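Here are the chains, one letter per residue:
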There are 2 protein chains.
Amino acid sequence: MPASIGPELQRLIDLLAKMPGLGPRSAKRAALYLLKKREQVMEPLAFALDDAAKNVKTCAICGNWDSIDPCAICRDETRDPSVLCVVQDVGDLWALERAGVHKGRYHVLGGLLSPLDGVGPDELKIGALIERAQGPGVNEIIVALPSTVDGQTTAHYLTEHLERAQVSVTRLSQGVPVGGELDYLDEGTLAAAMKARRSF
Amino acid sequence: MPASIGPELQRLIDLLAKMPGLGPRSAKRAALYLLKKREQVMEPLAFALDDAAKNVKTCAICGNWDSIDPCAICRDETRDPSVLCVVQDVGDLWALERAGVHKGRYHVLGGLLSPLDGVGPDELKIGALIERAQGPGVNEIIVALPSTVDGQTTAHYLTEHLERAQVSVTRLSQGVPVGGELDYLDEGTLAAAMKARRSF
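Bear in mind that the values here come from a model prediction, so they are computed numbers and not experimental data. (Residues numbered from 1 in each chain as written. Chains lettered and ligands numbered in written order. Predicted model: local features only at pLDDT ≥ 70, side-chain atom pairs only at ≥ 80, totals over all residues. Heavy atoms only, no water.)

**Section: unusual backbone geometry**
So, step 1. Between Asp69(A) and Pro70(A) the backbone carries a cis peptide bond, its omega angle lying at 0°.
So, step 2. Within the element layout of this structure, Pro70(A) appears in the loop between strand E2 (65-66) and helix H4 (72-75). (Helix = DSSP H or I, 4+ residues; strand = E, 2+ residues; numbered from the N terminus.)

Below you can see the structure in the form of structure tokens.
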């Protein structure tokens, strides 16, 4: 790095470059942009980061992130408490909320089982899920985990351990994405779509 | 936006999405990443933004950004004060410093002449450049402006107005970029490279 960039600026660029989606060059561009918009963006962003770092907490019930605990979803009386949707992390919860397709509550596992990376059941909120599933008023657990090896291993583990609880365990369907061209799909997806075919 | 994202988080995501290189989705991903790394990245970034917003100033001599004024480049006695390199903005100064190809001082114009956008000579630091050029000890002005219409218009304007000062005015050469395939170059660049051809 050239000595012509002062230490404050260099520290800012180095931190910006750690964010996903920004590399060393785009971090410099972002720093220049922010310095041009000090009052409109840079100072509010500094405040928002500090504010969120201090005030956003993990919901003790479902594991979602919110400034209140329990989170707004767990407090929302209009949402169906009998259906729990199990997701890997808060990003997936946001994706489902953006689509507006789940009207029940959530349970954020905090990751996936991955023996190779040393992630076992105790590292995830699996015990808490089984406890919630056994509680009164829960009828269905929707396992909305990614369609990867770790995701499916975790889903399988959950299904086995949820047998004791008197709930139905379901999973998202697999198949052709809406708007997807068959030509661009992998063999696994095509096989799954063919196997799970439905009559018109 | 779904109501499931709390107001602190939503404000953070909205501000992150304003940065160049981040859109609404990648801003969410960045927010999730930052919340996972609160102590290592999020809080230091909040501090660095606030610190830079408060302490980075414009060098009164050359227009560079630094925490000291005059900036580190203008203070550096080992740099040649007789050669001034004129750049559009601080990003271009950083690019030249990264390449390590200029051992003199700089002059940051703060933009380019653009009659359509209402940017005239008074909006840029052109008067200050002419004053510096007329001062003692300045022998050469290197005009390192972009090879665009506005860049060349500005370069032409500078050349005309620097005639009174007893300095040689030079510009960066145009031609084939190092490592560039001829096949992918535009006609204008090829024509310039052909016209400015040199003997081996």
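**Quick look at the interface of chain B and chain A**
Interfaces are often described in size by the accessible area the parts lose on coming together.
So, step 1. On the chain A side, the residues contacting the 54 residues of chain B number 53 residues.
So, step 2. Taken together, both faces of the contact between chain B and chain A bury some 5,200 Å²; the carbon and sulfur share is 71%.
So, step 3. The interface formed by chain B and chain A includes 2 salt bridges.
So, step 4. We note a salt bridge from Asp51(B) to Arg11(A), for which the minimum N-O separation is 3.9 Å.
So, step 5. Across the contact surface, chain B and chain A share 8 residue pairs in polar contact (both at pLDDT 80 or more).
So, step 6. Grouping the amino acids of the side of chain B that touches chain A by side-chain chemistry returns 31 nonpolar, 8 polar and 15 charged. (Contact = heavy atoms within 4.5 Å. Buried area = accessible area lost by both parts, 1.4 Å probe. Salt bridge = Lys/Arg side-chain N within 4 Å of Asp/Glu carboxyl O. Polar contact = N/O pair within 3.5 Å; in protein donor to acceptor, adjacent residues only side chain to side chain. Nonpolar A, V, L, I, M, F, W, Y, C, P; charged D, E, K, R; others polar.)

**Some points on the domain arrangement of chain A**
So, step 1. Domain annotation for chain A reports domain 1 (7-55) and domain 2 (65-171).
So, step 2. Here the C-alpha centroids of domain 1 of chain A and domain 2 of chain A sit 34 Å apart. (Domains from an automatic or database assignment.)

**A look at the sheet that holds strand E6 (residues 168-171) of chain A**
All names here are of chain A.
So, step 1. If you trace the 4 strands from one edge of the open sheet to the other, you get E4-E3-E5-E6, paired in parallel fashion. Strands with a single pairing partner mark the edges of an open sheet, and in this sheet they are strand E4 (104-108) and E6. Each strand of the sheet is rotated relative to its neighbour by a mean of 25°, with strand direction disregarded.
So, step 2. Where strand E3 (residues 80-87) meets strand E5 (residues 140-143), 4 bridges bridge the pair, whose relative direction is parallel. In the strand pairing of E5, Val-86 is matched with Val-143.
So, step 3. Contacting E3 and E4, helix H5 (residues 90-99) crosses the sheet at an angle of about 160° to E4.
So, step 4. Running at roughly 155° to E4, helix H6 (residues 126-134) makes contact with E3, E4 and E5 of the sheet. (Pairing = 2+ DSSP bridges. Axes fitted to C-alpha atoms, helices over the stretch in contact; angles between N-to-C directions.)

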